[in-house]
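Structure at a glance
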Amino acid sequence: MRTSFRSTARYSAIHILLLALLFSMAEGKQFVVKSTADAGAHSLRWALLQANASPGPDVISFEIPGDGPHSIVPASPLPPLTDPAGTVIDGLSQPGSTLGDHPPATLELRIVLDGVHAGAAPGLWLQSPQNLIQGLVITRFAKDGIRLQGKEDVHHNTVRNCIVGLDPAGTDARGNCMEEGDIRCAGIRLAASAEYPGSLHDNSILTCIVSGNAGDGILLKDTEGAQVRKNTISGNFIGSTRSGDVPRGNDRDGIQISGGCALNTISANLIGGNGSDGIHIIGDATRGALAHANSITRNNIGVTIKHHAMGNKLNGVNLGGREYGSEGGFASKNIVSSNVIAANGRSGIVVREHESSANNADGNRLTQNSIYMNGRIGIDLGDDGVTMNDLADHDVGPNQNRNTPVILSAEVNGGLALLRGNVDLGSLPREAVVEVYKTHAAPMLRQHETLYLGAVMPDADGNWAYSCNGGVLAGDSVTAIVVDSDGNTSEFARARKVTRGDAVEVEDNKEIAEQNRIKENPNATIASMMQDKANGSVIFTIDVEKPCWSVLEIYTENDQLVSTVLNRWMPAGRHTITWDGNNWKGSEVPPGSYTCKFDADGVRQTTTLARRLSGASQ
């Protein structure tokens, strides 16, 4: 996380230089605030009015005498920013204000906007493009702390290095949204409306502390005919104190993206301690508006920068879940990747579809996240608990209710871990990816970096084998998800304990059998093996007394997997299975001694196979 914040700080410094160059080239003025008075020369209200009336990009700076912090307490709403050329409000210009090395954790701010007497209004209202707000503490406004909303498009605005909803020390809550009323408010709100139908795009909220507000932390909301897209929320603390380790949650969601908002990026934030979800993306069923293609990546959601638990009250990430009377759904093709999602009150990630159709919450790609220690399950499709697999994956629902992989075995031999399994996706296995994870009976928060192991593609029959050297030990447990080519991601598979060598845990295999709808106690044996001298293939005759899931694999004498010949459901009767003599890469293996391992519902048989030269090879 600190690397990300430092990168954002470097970006900010470069942006300041570019703005300074812009102002030097354009017709603009600087207005200096020297008083905490609500009106009169060199007050903030005076500077805002002057900047709106002045052509070109202007700068409002601060030189208020004394050590501070200095509180400006408006007696009525402040004028909104309306100059299309843009205005900089630079609280960092006040002596004593500093960024420190790692904002927002090191912010020292000296300019406070206190809205306790300002009336039913937001703190700062940006109705124009190209504005930059930085280095301010904004507290106790009846509506939003900062609002971006206009009658024309509002774009390329930046809010950074501010504290919104806490005192200047960044510890005690002094929230905004004190009188929310009929309009949903937030610490920072980017929202189009019928009265202000301008689209909002390419705006940025960077390295701010947005905590303690009576509404959402940050809210993005569109309306019909106005787009809210390509906005960036990065490097912020949302729901914590300035230390990043103590909760000061916003009353509702940490971040909410609602309606048809699209292509927005939420990255490298700390989001914890909030009264509802960490991040909630929800469409608008009344007009069929899809909240889609939003990216949630590299965030700590429910975990602090010091890896302590600071969970959100409900879910870590909620895609399409119900809220405040809304039926939810209409959240599709969003990406949730490389986040740490832990210690939240309900599930790590929820995906829920509105009942009006079977495809309004599909294509949500949930990949390479570390998810653990949440109150319910890691990934919940439908917000209804564990979803059982079905044959050929015919059911529909959120993310098409993709079947979870089945882990058939997990072994460690000489430091090499080998996991084998199958996934039933009907006609889709060749287009899917299985992601493998390590889990723990009692995971430690500091171990989140090791939970995601890697990925493998299943073959045409859905069989897959994943190996890694290190990172998995006997006694660990492993699980997996599947992600199809459209991004539809499954829930987590039932975890399987990693064993040493050839040990077989019959109880675990019975659980796997139950996942595959096996209700009996099956048995199967290899009746005979015969090599075809002409082409070198080996023909196995297998007698199945009772239906079962069967796995037949070929290993070298050094116990390295050569090929998975069989991995599927076998009905009762006699079956003929052929190994073509090739390894899993498709190359012919040399003659020699090989081991056949046949696993029929937890009963393993091991047989030696002496493969000879084929006629074609001689």
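Residues numbered from 1 in each chain as written. Predicted model: local features only at pLDDT ≥ 70, side-chain atom pairs only at ≥ 80, totals over all residues. Heavy atoms only, no water.

Structural notes on the overall build of the protein
Looking only at helices and strands, the protein features 3 helices and 50 strands. Of the contacts formed within the protein by residues at least 6 apart in sequence, a portion of 74% connects residues at least 24 apart. Of the roughly 23800 Å² of accessible surface on the protein, 51% is carried by carbon and sulfur atoms. (Helix = DSSP H or I, 4+ residues; strand = E, 2+ residues; numbered from the N terminus. Contact = heavy atoms within 4.5 Å. Areas by Shrake-Rupley, 256 points an atom, 1.4 Å probe, with all protein chains shown as cover.)

Notes on the side chain of Asn157
The residue Asn157 is located in the loop between β10 (154-155) and β11 (158-160) in this model. A distance of 3.5 Å separates a polar side-chain atom of Asn157 from the backbone nitrogen of Gln130. If sequence neighbours within four positions are ignored, Asn157 has contacts with Leu126, Ser128, Pro129, Gln130, Asn131, Leu148, Asp202, Asn203 and Ser204. (Polar contact = N/O pair within 3.5 Å; in protein donor to acceptor, adjacent residues only side chain to side chain.)

Structural notes on the environment of Asp58
Position of Asp58 among the secondary structure elements: in strand β2 (residues 58-62). A relative accessible area of 0% places Asp58 in the buried class. Within the structure, Asp58 has its side chain in polar contact with the side chain of Ser54 (distance 3.1 Å). (Buried < 20%, exposed > 50% of the residue type's maximum accessible area, 1.4 Å probe, protein only.)

Description of the pairing of strand β5 (residues 111-114)
Every other side chain in a regular strand lies on the same face of the sheet, so the side chains alternate between the two faces. Alternating positions in β5 separate into two faces, Ile111 and Leu113 on one and Val112 and Asp114 on the other, with burial throughout. The pairing of β5 with strand β8 (residues 137-139) spans 3 bridges and is classified as parallel. Residue Leu113 lies in a different strand from β8, and its bridge partner there is Ile138. (Pairing = 2+ DSSP bridges.)

Side note on the environment of Gly592
In this structure, Gly592 sits in strand β49 (residues 592-600). Considered as a pair, Gly592 and Glu557 are 35 residues apart in the sequence and their alpha carbons are 9.0 Å apart.

Brief notes about helix α2 (residues 44-53)
Three or more residues of α2 are buried, namely Leu44, Arg45, Ala47, Leu48 and Ala51. Seen end-on, α2 carries its buried residues on one side only, within an arc spanning 160°. Here the buried face of α2 lies against β1 (30-33), β2, β3 (70-72), β4 (87-90) and β5. (Arc of directions from axis to C-beta.)

Description of the sheet that holds strand β28 (residues 317-319)
If you trace the 9 strands from one edge of the open sheet to the other, you get β6-β9-β13-β17-β21-β24-β28-β32-β35, paired in parallel fashion. Every interior strand has two partners, whereas the edge strands, β6 (124-126) and β35 (379-381), have only one. Looking at each pair of strands side by side, their axes are set apart by 10° on average, direction ignored. In this structure, β28 lies alongside strand β32 (residues 349-351), joined through 3 bridges in parallel fashion. Bridge pairing in β32 links Leu319 to Val351. (Axes fitted to C-alpha atoms, helices over the stretch in contact; angles between N-to-C directions.)

Re the packing of aromatic side chains
Aromatic rings in a pair are described by how distant their centres are and how their planes are angled relative to each other. In total, this model carries 5 aromatic pairs according to the counting rule given. Centroid distance Phe31 to Trp46: 6.0 Å. Interplanar angle 85°. Geometry classified as edge-to-face. Residue Phe31 is found in strand β1, and its partner Trp46 is found in helix α2; the two are separated by 15 residues along the sequence. Here the aromatic rings of Tyr437 and Phe492 are separated by 5.4 Å at their centres, their planes lie at 85°, and the arrangement is edge-to-face. Residue Tyr437 is found in strand β38 (residues 433-439), and its partner Phe492 is found in the loop between β41 (477-483) and β42 (496-497); the two are separated by 55 residues along the sequence. On the basis of relative accessibility, which here comes to 21%, the residue Phe492 falls in the partly exposed class. (Phe/Tyr/Trp six-rings, centres within 6.5 Å; stacked < 30°, edge-to-face > 60°.)

Remarks on the nonpolar core
Judged by nonpolar contacts, the single largest core of 66 residues is most densely connected at Phe62 and Leu136. The greatest single-element share of this core, amounting to 4 residues, is contributed by α2. Ignoring anything within four residues of it in the chain, the contact list for Phe62 reads Val33, Leu44, Ile72, Ile89, Asp90, Gly91, Ser93, Gln94, Pro95, Ile111 and Leu136. (Core = buried A, V, L, I, M, F, W, Y, C linked by side-chain atoms within 4.5 Å.)

Re the pattern of salt bridges
Pairs can form between side chains of opposite charge once their charged atoms are near each other. In total, this model carries 22 salt bridges according to the counting rule given. Arg352 is paired through a salt bridge with Glu355; the nearest N and O atoms lie 2.6 Å apart. The salt bridge involving Lys438 is made with Asp476; its shortest N-O contact spans 4.0 Å. You can see Lys438 sitting in strand β38 and its partner Asp476 sitting in the loop between β40 (463-469) and β41, a full 38 residues away along the chain. The network of salt bridges with shared partners includes Arg184, Asp216, Asp253 and Glu323. (Salt bridge = Lys/Arg side-chain N within 4 Å of Asp/Glu carboxyl O.)

Focus on the sheet that holds strand β43 (residues 499-500)
The strand order β40-β37-β36-β43 describes an open sheet built from 4 strands, whose pairing is mixed. Two strands in the sheet have a free side with no partner beyond their single neighbour: β40 and β43. As paired elements, strand β37 (residues 416-422) and β40 share 7 bridges and run antiparallel to each other. Directly across from Ala417, in β40, lies its bridge partner Cys468.

Comments concerning the side chain of Asp144
Relative to the elements of secondary structure, Asp144 occurs in the loop between β8 and β9 (146-148). Within the structure, Asp144 has its side chain in polar contact with the side chain of Arg147 (distance 2.7 Å). Within the local environment of Asp144, its side chain forms a polar contact with the backbone nitrogen of Ala186, the two atoms lying 2.9 Å apart. With residues near it in sequence (within four places) discarded, Asp144 still touches Pro122, Gly123, Asn176, Arg184, Cys185, Ala186, Gly187 and Arg189.

Some points on the confidence of the model for the protein
Confidence in the prediction for the protein averages 87 pLDDT; 88% of positions are at 70 or higher. Confidence drops under a pLDDT of 50 for residues 21-25, and excluding neighbours within four residues, the segment shows 5 contacts in the predicted structure. Every residue in residues 502-522 scores below 50 in pLDDT, and together they form 46 contacts with partners more than four places removed in sequence or on other chains. (pLDDT = per-residue confidence, 0-100.)

A few points about unusual backbone geometry
Between Gly68 and the following residue, Pro69, the backbone shows a cis peptide bond with an omega angle of 5°. Residue position: Pro69 is located in the loop between β2 and β3. Residues Pro103 and Pro104 are joined by a peptide bond in cis, for which omega reads 10°. Among the secondary structure elements, Pro104 is positioned in the loop between β4 and β5. For Gln368, which is not a glycine, the phi torsion comes out positive at approximately 60°. Within the secondary structure layout, Gln368 lies in the loop between β33 (365-367) and β34 (370-372). With relative accessibility at 37%, the residue Gln368 sits in the partly exposed group. Although it is not a glycine, Gln400 adopts a positive phi angle of roughly 55°. Tracing the chain through its elements places Gln400 in the loop between β35 and β36 (406-413).

Remarks on the state of the cysteines
Evaluation of the coordinates by the stated rule reveals 0 disulfides. This cysteine, Cys177, is not joined by any disulfide, and Cys185 carries the nearest cysteine sulfur, 4.9 Å off. Residue class for Cys177 comes out buried when judged on its relative accessible area of 3%. (Disulfide = S-S within 2.5 Å.)

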